[in-house]
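Structural overview for review
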Amino acid sequence: MADVWSGRAHAYLESDAHRAGADLDLLVEWAAGARTALDVATGGGHVARRLREAGIEVVTADPAPGMKPDVICTAESIPFADASFDVVACRTAAHHFPDLRAAVRELARVSADRVLLVDTLHMGEDVEEAERLRDPSHVRNYTDAEWRDVVLEAGLGLDDVRFLEHPIDLAAWLARTGCDGAVAERVVELLGDRVEDGRLTLDKIAIRAVRGF
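A quick note: this is a predicted structure, and the numbers were derived from the prediction, not measured. Within each chain, residue numbers correspond to sequence positions counted from 1 in written order. Under the rules for a predicted model, residues below a pLDDT of 70 receive no local features and side-chain atom pairs below 80 are neither given nor counted, while totals for whole chains, interfaces and linings still include all residues. Values reported for side chains reflect all heavy atoms of the structure, with hydrogen atoms and water molecules removed beforehand.

**Let's talk about the pairing of strand β5 (residues 111–120)**
Exposed residues in this analysis have more than 50% of their type's maximum accessible area, buried residues have under 20%, and partly exposed residues fall in between, with area computed by a 1.4 Å probe over protein chains only. Secondary structure elements are taken from DSSP: a helix is a run of H or I of four residues or more, a strand is a run of E of two residues or more, and numbering for both begins at the N terminus. β5 sits mainly inside the fold: eight of its ten residues count as buried. Bridge count for strand β4 (residues 85–91) against β5 is six bridges, and the pairing is parallel. Across the sheet, A89 pairs through a bridge with L116, a residue of β5. One crossover worth recording links β4 to the parallel β5 by way of helix α6 (residues 100–110), and it is right-handed. A pair of strands is considered paired only if DSSP assigns at least 2 bridges between the two. The pairing of β5 with strand β8 (residues 199–210) spans seven bridges and is classified as antiparallel. Residue pairing in the sheet places L117 in a bridge with I207 of β8. Here is how to tell: hold the view so the strands point away, follow the path from the first strand over the helix to the second, and if it runs clockwise the crossover is right-handed.

**Concerning the packing of aromatic side chains**
How two aromatic rings sit relative to each other is set out by the distance from centre to centre and by the angle between their planes. Here the aromatic set is Phe, Tyr and Trp, taking the six-membered ring for Trp, and pairing holds for ring centres within 6.5 Å; pairs whose planes are under 30 degrees apart are stacked, those over 60 apart are edge-to-face, and all others are tilted. Counted by the stated rule, this structure contains two aromatic pairs. Each ring, one from F80 and one from F85, has its centre 5.0 Å from the other, and the planes form 85°; the classification is edge-to-face. Summarising the aromatic geometry, the rings of Y142 and W147 are spaced 6.2 Å apart at their centres and angled 80° between planes, so their arrangement reads as edge-to-face. The class for Y142 is buried, based on a relative accessible area of 13%. Owing to a relative accessible area of 2%, W147 belongs among the buried residues under this scheme.

**Some points on the nonpolar core**
Definition used in this section: a nonpolar core is a set of buried Ala, Val, Leu, Ile, Met, Phe, Trp, Tyr and Cys residues joined via side-chain atoms within 4.5 Å. Grouped together as the largest cluster of nonpolar side chains are 33 residues, with contacts concentrated most on V40, F97 and W147. When contributions to this core are tallied by element, the ones reaching two or more residues are β1 (36–40), β4, α6, β5, α8 (144–153) and β8. The dominant element in this core, judged by the number of residues it contributes, is α6, at six residues. If sequence neighbours within four positions are ignored, V40 has contacts with A61, A75, I78, V88, A89, C90 and L107. Note on contacts: a residue pair is in contact if any heavy atoms of the two residues lie within 4.5 Å.

**Section: the packing of helix α7 (residues 125–134) against helix α10 (residues 181–191)**
Axis angles are defined between N-to-C directions and span 0 to 180 degrees, where every axis is a line fitted to C-alpha atoms and, for a helix, only to the segment in contact. Relative to each other, α7 and α10 sit at 160°, their axes nearing to 8 Å. Between α7 and α10, the interaxial angle falls into the category roughly antiparallel. Read as a crossing pair, α7 and α10 show a hand that is left-handed. Seen from α7, the contacting residues are D126, V127, E129, A130, L133 and R134; seen from α10, they are V183, R186, V187, L190 and L191. Of the residues contributing to the contact of α7 with α10, the split by class is seven nonpolar, no polar and four charged. Note on angle classes: values under 35 degrees are labelled roughly parallel, values over 145 roughly antiparallel, values of 65 to 115 roughly perpendicular, and the remainder oblique. Crossings are classed by handedness, with left-handed meaning an anticlockwise turn of the near helix from the far one by less than a right angle and right-handed meaning a clockwise turn. In this classification, Asp, Glu, Lys and Arg are treated as charged, Ala, Val, Leu, Ile, Met, Phe, Trp, Tyr, Cys and Pro as nonpolar, and every other residue, Gly included, as polar.

**A short note on α6**
For α6, a buried count of eight out of eleven residues is recorded, marking the element as mostly surrounded by other parts of the structure. What α6 keeps buried is the set L100, A102, A103, V104, E106, L107, A108 and V110. Of the surrounding elements, those touching the buried residues of α6 are β1, β4, β5 and α8. Pairs of N or O atoms within 3.5 Å make up the polar contacts considered here, provided that, within protein, one atom can donate a hydrogen while the other can accept it, and that residues adjacent in sequence are counted only when both atoms are side-chain atoms. The residue sitting at the N-terminus of α6 and contributing the capping side-chain oxygen is D99; that oxygen lies 3.4 Å from the backbone nitrogen of R101.

**Comments concerning the pattern of salt bridges**
Salt bridges are identified by distance alone: a Lys or Arg side-chain nitrogen within 4 Å of an Asp or Glu carboxyl oxygen. On inspection of all chains with the given rule, the structure shows 18 salt bridges. A salt bridge links R50 to D25; its shortest N-O distance comes to 2.9 Å. Pair noted here: R50 is in helix α5 (residues 46–53) and D25 is in helix α4 (residues 22–30), with a separation of 25 residues, a long-range link. Judged by relative accessible area, which is 40%, D25 ranks as partly exposed. Ionic pairing is found between R162 and D160, a salt bridge with its closest N-O pair at 3.0 Å. A cluster of three or more residues bridged by salt bridges with shared partners is formed by D25, R49, R50 and E53.

Written as structure tokens, this is what we have:
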């Protein structure tokens, strides 16, 4: 799977859906006051870029060499000691993780203070099927309740939870994974009224979790 993501590196670096957004702004706000941060599953590096602009020292991690992370690793196996970073962030990647619970435990382990999470929410089985058809690396989107359980199970406290709508360009979203033809038509059909005027609206959850609650 890392080879697949390496091949998508440029597309995610240039992706308007990933370069900006209210969720990205929120992560920067929530990271305020931190000195160090780890950006897990950095992808195009947009979280790292914004945190560095805010004066935070950031290390990036990703399993795909093509994403050019500082450290090549999965979210489930992070090669740092306990409490190595003030903030550990992960944005719009967890739905690809083979083991979400193991990943969040690792994020919690290497954080000394805060874990910041953003991902797409579960929006029904039709959307899940659309996600898998569009990108076979998709594992699952999770509900609000599932996210809360995973975070608490990792020994973290829920400090803040926000819900956001994230409108993106549908054609670009399909193109990033090479989804076209009849498969793309079926994806759009499954997405239903989430698509309007060439835009796809996704529901997102943003979580600020804390250590030592």
